[in-house]
Amino acid sequence: QVQLLESGGGLVQPGGSLRLSCAASGSIFSINTMGWYRQAPGKQRELVATMTSAGSWDYADSVRGRFTISRDNAKNTVYLQMNSLKPEDTAVYYCNYWYIGGNSWGQGTQVTVSS
């Protein structure tokens, strides 16, 4: 079982920045992918960015060039630096930890972009 603790959401004006963090604990697997998904009201959950334990990453087209995912494997923590935020980035952001045999989700953190 992997537990995920997210932090860093909040309210920000358009064009602003936020940094999300997600720390994993419990049964940590050496081969894993950590990442972020988001779900806006009335919409399906969608991928934002992921990063494997080997260092490969993937981004949604809508955030590429504005968001940066990184991770500290020693701390089992993944970060999402979000710059140039837009109102359409407003959503609940969920951390995900994938491993061979399963995956775990965080409780979600609200990001609201509004003036």
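Just above sits the structure.
A. Just the nonpolar core, in detail. Judged by nonpolar contacts, the single largest core of 29 residues is most densely connected at Trp-36, Val-48, Phe-67, Ile-69, Leu-80, Met-82 and Tyr-93. Mapped onto this core, the elements with two or more residues apiece are strand S1 (2–7), strand S3 (18–26), strand S4 (32–39), strand S5 (46–52), strand S7 (67–72), strand S8 (77–82), strand S9 (91–99) and strand S11 (109–113). If one sorts the elements of this core by residue count, S9 sits on top with five residues.

B. Summary view of the pairing of S7. In S7, alternate side chains face the same way, and those of Phe-67, Ile-69 and Arg-71 are buried while those of Thr-68, Ser-70 and Asp-72 on the opposite face are not. Of the strand pairs in this sheet, S7 and S8 are connected by six bridges, and their pairing is antiparallel. Residue pairing for S8: Thr-68 is matched across the bridge by Gln-81.

C. Structural context of the state of the cysteines. Here the structure, examined in full by the defined rule, presents one disulfide. One disulfide bridge connects Cys-22 with Cys-95, the sulfur atoms lying 2.0 Å from each other. Every disulfide takes its handedness from the sign of the S-S torsion; for Cys-22 and Cys-95 that torsion is -85 degrees, giving left-handed. Remark: Cys-95 occurs in strand S9 and Cys-22 occurs in strand S3; sequence separation between them is 73 residues.

D. Geometry of the pairing of S1. Only one face of S1 is buried: it carries Val-2, Leu-4 and Glu-6, and the other face, with Gln-3, Leu-5 and Ser-7, is open. Both S1 and S3 contribute to a ladder of six bridges, which runs antiparallel. Looking at the pairing, Leu-5 lines up with Ala-23 of S3.

What counts as what
Residues numbered from 1 in each chain as written. Predicted model: local features only at pLDDT ≥ 70, side-chain atom pairs only at ≥ 80, totals over all residues. Heavy atoms only, no water. Core = buried A, V, L, I, M, F, W, Y, C linked by side-chain atoms within 4.5 Å. Buried < 20%, exposed > 50% of the residue type's maximum accessible area, 1.4 Å probe, protein only. Helix = DSSP H or I, 4+ residues; strand = E, 2+ residues; numbered from the N terminus. Pairing = 2+ DSSP bridges. Disulfide = S-S within 2.5 Å.

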